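# Architecture at a glance
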Amino acid sequence: MSGLGFINPFGVRELPGTTTGDFYTANFAQKAQPGRVILNLGPQHPSTHGVLRILAEMEGEYVWRAEPVLGYLHRMHERMAEVKTPQQFLPNMGRVDYLHPLAWNWAYVGAVEKLAGLEPPERAQWLRTLSCELNRISSHLLWWGAFVMDLGGVTPILYAFEEREKINDILQIITGSRLTMSYFRLGGVCADADDRFLALTREFVPYLRERLKMYRGLVTDNVILRRRLEGVGPIDVDMCRRYGATGPVLRAAGSPNDLRRDVPYGTYPQHDFWPATGFPDDCFGRYLVRLAEIESSLDIVEQAVRGLPPGPIMVDKPPKANFKMPAGETYFAVEGARGQVGVHLVSDGGKNPYRVKLRAPGFSNLSLFAEAAQGTLLADAVAILGSLDLVIPEIDR
Amino acid sequence: MLRAIIDNLKGLYSLLVGLSITGRFLLSPQRTVHYPRQVVAPESLASFRGPLELVPSADDPAKTRCISCQMCVRACPDNCLKVVKGEGGKAPAVWVYDFSLCCLCAACVEACPASALRFSHKVYLTALTRDELKLDLLADLKARAAKAAGGADARPPAQPPAGLEPQARL
Ligand code: SF4
Ligand code: SF4
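Criteria and cut-off values
- Residues numbered from 1 in each chain as written.
- Chains lettered and ligands numbered in written order.
- Predicted model: local features only at pLDDT ≥ 70, side-chain atom pairs only at ≥ 80, totals over all residues.
- Heavy atoms only, no water.
- Near = heavy atom within 4 Å.
- Nonpolar A, V, L, I, M, F, W, Y, C, P; charged D, E, K, R; others polar.
- Pairing = 2+ DSSP bridges.
- Helix = DSSP H or I, 4+ residues; strand = E, 2+ residues; numbered from the N terminus.
- Axes fitted to C-alpha atoms, helices over the stretch in contact; angles between N-to-C directions.
- Contact = heavy atoms within 4.5 Å.
- Buried < 20%, exposed > 50% of the residue type's maximum accessible area, 1.4 Å probe, protein only.
- Domains from an automatic or database assignment.
- Buried area = accessible area lost by both parts, 1.4 Å probe.
- Salt bridge = Lys/Arg side-chain N within 4 Å of Asp/Glu carboxyl O.
- Polar contact = N/O pair within 3.5 Å; in protein donor to acceptor, adjacent residues only side chain to side chain.
- Patch = residues over 30% accessible without salt bridge, like charges linked within 9 Å, V, L, I, M, F, W, Y side chains within 5 Å.
- Areas by Shrake-Rupley, 256 points an atom, 1.4 Å probe, with all protein chains shown as cover.

In this section: the site of ligand 2. Neighbouring ligand 2 are B:Cys66, B:Ile67, B:Ser68, B:Cys69, B:Gln70, B:Met71, B:Cys72, B:Trp95, B:Cys112, B:Pro113 and B:Leu117. Among the residues making up the shell around ligand 2, the classes are represented as nine nonpolar, two polar and no charged.

What follows is the structure, encoded as structure tokens:
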């Protein structure tokens, strides 16, 4: 193995006849060229947001080859869906992606409703849109702070958290929790919006618009950030298509795909918004796309508060504990903060689904990292990783 | 050349803008709640899902409305409830809730035909062992009733687990 010129960054002694590191490192190192360093980023590393691990073959400061290693947070959500009734599995969806739980709520509830032919009442639909968009804003805000922190600016995340806490306060009124929300139910939602919720939301929209201006002065216009991001890690539409990347990554590449417009669900056809496009396809473009999306989500929230119709929040006969889905197969996808969140559900007519496949947008978005990071500086690779907005529990499921 | 100078000046200006924003926030009042010196206002916990508690019946605050029908036990995805019916009548004799397993999904609350369950707003509950999180909700209900009646808290003071003396807990 000495011919590999393998340098171990952690100083673990090399056993005769083996390479240091685990199976992945050894496997990855086999293709490494002499003189190159194998670098492990993660699984516990401040720049990788949770337990993601990246193996990189370094030529000096340049990444020659990179490979994500997944599975450290695998929690068998798909298997759990097979052994639990749809109602019992619902709280899991908030745990798959803890930053945008309501999109996952919607994807699963939507799939079951589509199969069972349930049509939630109008008010429930509007509440779903309203809460889902508020949640999207909070997800983007956290991404904004964490991304800037990846790049070395530690303060902005604290500003982002102030807004995030406000959204959490608002969403807590209806969902009862601040992080892993489980608000949607088969055939509706579990709690109605009260006056306090609506008043706080109305207050929040202009407040955040003001704050976004401050963000601009604090971070977006900052010359250090711009020089750090502009032109780094271009990802074009073709690459997105090959890897199945969706969401802000695809929209920054220039394709205006947004499921809220392309395959409208819920009340989105009644809302006046447009997917954010027209940005550069580099890291800075992906940064701008998300900030623009916060604004378009604010518009939707404003319209939803204004247009919220009165009425029930649950179908007349909500599914009981012994609810059985009809046999069949369905797919339902929604636009999450990171892209297309899809649930493929197969039912054999029993109480539990036969098979549930969760399509996590982060998984596809991460897949293109290996190609996008090729030949970049290590520091730029970290910027690319951050600009993909990865949530590891969602990727590993 | 001139371009580069202008770019750099603009860059410098952007840094000054950022610094002035940070400076403004430095001088603005504190935004955080310094627990335990401060706690959040009770109204912001109004719908917060804390550990479950039993709803007292209308006539006796120490009595539960639970009719031991087991709907909540069956609805719970995490198997954290145990309800055992008492001798004679429908009232439960045992009502144990394992908060360490609960995912606060409200399936039990929604399944209960007697509306005997609700979420408490105990956000400051702490425990050193998993066993401490197995909550006896009937005892909790009685303690709350005793407290409301003006008596002292009927619950025995929390005992640290064996081997962990109070001084060592800091
Ligand atoms: S809230 Fe959910 S997990 Fe907790 S006891 Fe009730 S049903 Fe079980
Ligand atoms: S569902 Fe309600 S009444 Fe039935 S056992 Fe549970 S708490 Fe008691």
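Residue and element names in this part refer to chain B. In spatial order, the strands read S2-S3-S5; together these three strands make up an open sheet with antiparallel pairing. Each edge of the open sheet is held by one strand with a lone partner, namely strand S2 (81-85) and strand S5 (134-136). Pairs of neighbouring strands in the sheet enclose a mean axial angle of 15°, with direction left out of account. Of the pairings in the sheet, the one linking strand S3 (residues 92-98) to S5 comprises three bridges and is antiparallel in character. Residue pairing in the sheet places Asp98 in a bridge with Lys134 of S5. Sitting on the sheet, helix H4 (residues 137-148) touches S3 and S5, and the angle it makes with S3 is about 100°.

This next bit is on unusual backbone geometry. Residue and element names in this part refer to chain B. Look at the link from Tyr35 to Pro36: it is a cis peptide, with omega at 0°. One can find Pro36 in the loop between helix H1 (2-27) and strand S1 (52-54). Its identity is not glycine, yet Ser68 carries a phi of approximately 55°, on the positive side. Of note, Ser68 is situated in the loop between S1 and helix H2 (71-75). Assessed through its relative accessible area of 8%, Ser68 is described here as buried. Although it is not a glycine, Leu104 adopts a positive phi angle of roughly 55°. Considering the arrangement of structural elements, one finds Leu104 in the loop between S3 and helix H3 (107-111).

Residue and element names in this part refer to chain A. Structurally, chain A comprises domain 1 (6-69) and domain 2 (77-396). With 17 residues of domain 1 at the contact, the number on the domain 2 side is 16 residues. For the pairing of domain 1 and domain 2, the buried interface totals around 1,400 Å² over both sides, and the portion due to carbon and sulfur atoms is 70%. Put simply, domain 1 and domain 2 have zero salt bridges between them. At the boundary of domain 1 and domain 2, one finds three residue pairs in polar contact (both at pLDDT 80 or more).

Take the pairing of strand S6 (residues 328-335) of chain A next. All names here are of chain A. When S6 meets strand S7 (residues 340-347), the two strands line up antiparallel, connected through eight bridges. Bridged to Ala333 within S7 is Gly342. Here S6 hands over to S7 after four residues, with Gly339 in that stretch at a positive phi of 140°.

The next point concerns a nonpolar patch on the surface. All names here are of chain B. A grouping of Val33, Tyr35, Val39, Val40 and Tyr124 is seen on the molecular surface, where their side chains present a nonpolar patch of about 450 Å² in accessible area. For Val40, the location among the structural elements is in the loop between H1 and S1. Judged by its relative accessible area of 36%, Val40 is partly exposed.

For the rest of this paragraph, the subject is the pairing of S2(B). Residues and elements named next belong to chain B. Where S2 meets S3, five bridges bridge the pair, whose relative direction is antiparallel. Note that in S3 the partner of Lys82 across the bridge is Val96. Between S2 and S3, which pair antiparallel in sequence order, lie six residues; one of them, Gly88, sits at a positive phi of approximately 65°.

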